[in-house]
Amino acid sequence: MNAIAFYFGQRAIHWSAVIITMGVLCCLSLTIALYRQRSENLRAVLVLFPLGTVLGLFLARLIHWYFNTEVYGSFHAAFTNFDLGSFSTPGVILAVWLAAWIVYRLGLCPNSGMLLDCTAPGLALLIAFIRLSALFNNTCRSRILIQNPLFQFLPFAVSNTDAAGNRVWRLATFFLAFLAMLGVTLFLLRFYVKRSKRKMLEPCPRSGNVWRMFLLYYGAVEIVVDSLRNDSPLMHFHLFSSLNQYSSFVSLAQIFAACTALYVLIFYSVRSIKAHGFSFWHALSWLGFVVSLVGIGYLGEYKVQRTAQYVKCYSIQIASCVLLVLIIRLLYESCVLKHRKRYEW
């Protein structure tokens, strides 16, 4: 059930759409405010947003359709009837990434990294609003039941009626994700103000670091959120159905988060090694990354689906996400120019 806010002619406008629209406007306003500090010419932002919106709608819908074809009935219905189905957040991120590169290739900004840095806090805020929009429908709830009356309220739990007509309280995954992404937004704003202008050791660029921190922190949040929710789009391949036995228990968002974390790890590892030379600490960071993935994927996601030991498995998964973030953050710090001859780990 998606609550209706008002009617525009014969068209019903839902509250979830209103909340997401507010998020888009907040994202645009914040991006303009940050980009204005770097350049008085706003053409790059004004081209980025319509281009990113069009690409985002297409990619987010396309990805969701591919892994949930049974919801739509046909490819044509997925792009003509938007009352059906949903969207995939990784598609939005990929669209913004691609749009920034196109804007750079058009010569509207000095480099895509600077534009993405200015966009990252606003995009995190938009994702927070997307999660909040689930307040007005039945998506992004958890299968975990909250039976203690002391926690049967937001942000911990939300009520709904089951098939038998009983009122049950489920963990409000969407609201916890909303709060987490607000925290990521504040962190990225502070990172942008305090650290985005720090001098970096060659060959690490000064731009793009806020964006890479966004990918890292968003991914850590999304791994846990998609594991908690009972409607996460799992990876069911159609052309390569033989892969489903290995992938059908994880979601696309979790795989996307792992891939972007690997990208950020490789990015800072290569530049740190070029700046300092290879050391034992670089090998240790890669070992720690593998350990964190084992904790996230096997001890967390795989075990929780088979044992339902929520506290134990999610504690391990969250701790593993924290470890992953700390490892990559240390690699980033090793690429920052210090006021001494050599960086000490």
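Residues numbered from 1 in each chain as written. Predicted model: local features only at pLDDT ≥ 70, side-chain atom pairs only at ≥ 80, totals over all residues. Heavy atoms only, no water.

K.L.:
What is the right way to look at the layout of surface pockets in this model?
P.N.:
Taking a probe equal in size to a water molecule and rolling it over the atoms shows the remaining empty space. Considered as a void within the structure, the second largest pocket measures approximately 510 Å³ in volume. In terms of lining, the second largest pocket is formed by 22 residues, of which the most central are Val-224, Val-225, Leu-228, Tyr-314 and Ile-318. Elements with a minimum of two residues in the lining of the second largest pocket: α7 (173-195), α8 (209-228) and α12 (310-334). For the lining of the second largest pocket, the per-class residue count stands at 21 nonpolar, 1 polar and no charged. (1 Å grid on protein atoms, 1.4 Å probe; cavity = no way out; pocket = protein on both sides within 12 Å on 5 of 7 lines; lining within 4 Å. Points joined across faces, edges and corners; volume = space filled by probe spheres on them. Helix = DSSP H or I, 4+ residues; strand = E, 2+ residues; numbered from the N terminus. Nonpolar A, V, L, I, M, F, W, Y, C, P; charged D, E, K, R; others polar.)

K.L.:
It is not clear to me how the packing of aromatic side chains should be interpreted in this structure. Could you clarify?
P.N.:
One pair of aromatic rings is described through two measures. These are the centre distance and the angle between the planes. Evaluation of the coordinates by the stated rule reveals 23 aromatic pairs. Pairwise contacts between aromatic rings join Trp-97, Phe-187, Phe-191, Trp-211, Phe-214, Tyr-217, Tyr-218, Tyr-263, Phe-267, Tyr-268 and Tyr-332 into one cluster. The ring of Phe-87 is capped by Arg-61, whose NZ or CZ atom sits 5.1 Å from the centre of that ring. The side chain of Arg-212 reaches across the aromatic face of Phe-267, ending 3.8 Å from its centre. (Phe/Tyr/Trp six-rings, centres within 6.5 Å; stacked < 30°, edge-to-face > 60°. Lys NZ or Arg CZ within 6 Å of the ring centre and 35° of its normal.)

K.L.:
I keep staring at the pattern of salt bridges and nothing clicks. Help me out?
P.N.:
One side chain can pair with another of opposite charge once the charged atoms of both are near each other. The full count for this structure, using the stated rule, is 4 salt bridges. Between Glu-222 and Arg-131 there is a salt bridge; the shortest N-O distance is 2.5 Å. Note that Glu-222 is positioned in helix α8 and Arg-131 in helix α6 (residues 112-132), a separation of 91 residues in sequence. With respect to burial, Glu-222 and Arg-131 carry one shared label: buried. Of the charged contacts in the structure, one is a salt bridge between Asp-226 and Arg-229, with a shortest N-O distance of 3.8 Å. (Salt bridge = Lys/Arg side-chain N within 4 Å of Asp/Glu carboxyl O. Buried < 20%, exposed > 50% of the residue type's maximum accessible area, 1.4 Å probe, protein only.)

K.L.:
Explanation requested: unusual backbone geometry in the structure shown.
P.N.:
Excluding glycine, residues mostly carry a negative phi; peptide bonds, for their part, are mostly trans. With an omega of 10 degrees, the peptide bond between Leu-154 and Pro-155 qualifies as cis. Relative to the helices and strands, Pro-155 resides in the loop between α6 and β3 (157-161). Here Glu-202 and Pro-203 are connected by a cis peptide whose omega angle stands at 10 degrees. Following the sequence through the fold, Pro-203 ends up in the loop between α7 and α8. Here Cys-140, not a glycine, exhibits a phi torsion of approximately 55 degrees, which is positive. Here Cys-140 lies in the loop between α6 and β3. Residues other than glycine seldom take positive phi values, yet Ala-308 does so here, at roughly 60 degrees.

K.L.:
Help me understand the side chain of His-64, please; the structure alone is not making it clear to me.
P.N.:
Secondary-structure assignment places His-64 in helix α2 (residues 43-67). Note on His-64: relative accessible area 11%, which makes it buried. Filtering out sequence-adjacent residues up to four positions away, His-64 remains in contact with Tyr-72, Gly-85, Ser-86, Phe-87 and Ser-88. (Contact = heavy atoms within 4.5 Å.)

K.L.:
Would you mind showing me how to read α6 here?
P.N.:
A turn of α-helix holds 3.6 residues, and therefore any two residues three or four places apart point the same way. For α6, which comprises 21 residues, the first-to-last C-alpha distance of 29 Å matches the rise-based estimate of 30 Å (1.5 Å per residue) to within 8%. At Ala-120, α6 shows its strongest bend, of approximately 40 degrees, with the proline Pro-121 following within four residues. A large share of α6 lies buried, amounting to 19 of its 21 residues. A distance of 3.2 Å separates the backbone nitrogen of Gly-113 from a side-chain oxygen at the start of α6, and that oxygen is part of Asn-111. (Expected span 1.5 Å × (residues − 1). Bend = angle between axes of the 7 residues up to and from the residue. Polar contact = N/O pair within 3.5 Å; in protein donor to acceptor, adjacent residues only side chain to side chain.)

K.L.:
Which parts of the structure should I look at to understand helix α11 (residues 280-307)?
P.N.:
For α11, built from 28 residues, the straight-helix expectation of 40 Å at 1.5 Å per residue is met to within 8% by its first-to-last C-alpha distance of 37 Å. Approximately 30 degrees is the largest bend angle found in α11, and it occurs at Gly-295. Inspection of α11 places His-282, Ser-285, Gly-288, Phe-289, Ser-292, Gly-295, Ile-296, Gly-300, Glu-301 and Val-304 among the buried residues, and these make up the whole buried set. Turning to α11, the residues buried within the fold contact α8, α10 (252-276) and α12.

K.L.:
It is not clear to me how the side chain of Arg-141 should be interpreted in this structure. Could you clarify?
P.N.:
Structurally, Arg-141 is set in the loop between α6 and β3. Here the side chain of Arg-141 touches Asn-137 through a polar contact of 2.9 Å, landing on its backbone oxygen. Among residues more than four places away in sequence, those in contact with Arg-141 are Ala-134, Leu-135, Val-158, Leu-171, Thr-173, Phe-174, Leu-228, Arg-229, Asn-230 and Asp-231.

K.L.:
Explain the packing of α10 against α11 to me, please; I cannot follow it from the model alone.
P.N.:
Geometry of a packed helix pair, given as the angle between the helix axes and the separation of the axes. Contact pair α10 / α11: the axes reach a minimum separation of 11 Å and the direction vectors enclose 175 degrees. Considering their axes alone, α10 and α11 lie roughly antiparallel with respect to each other. Contacts between α10 and α11 involve Gln-254, Ala-258, Ala-261, Leu-262, Leu-265, Ile-266, Ser-269, Ser-272 and Ile-273 on the former and, on the latter, His-282, Trp-286, Phe-289 and Glu-301. Looking at the contact of α10 with α11 residue by residue, the classes come out as 8 nonpolar, 4 polar and 1 charged. (Axes fitted to C-alpha atoms, helices over the stretch in contact; angles between N-to-C directions. Parallel < 35°, antiparallel > 145°, perpendicular 65-115°, else oblique.)

K.L.:
For this particular structure, what's the right way to read the environment of Ile-146?
P.N.:
When you line up the elements, Ile-146 lands in the loop between α6 and β3. Here Ile-146 falls in the buried class, since its relative accessible area comes to 17%. With 13 residues separating them in the primary sequence, Ile-146 and Ser-159 have C-alpha atoms 9.4 Å apart. Not counting residues within four places of it along the chain, the set of residues in contact with Ile-146 comprises Phe-151, Gln-152, Phe-156, Ala-157, Trp-169, Arg-170 and Leu-171.

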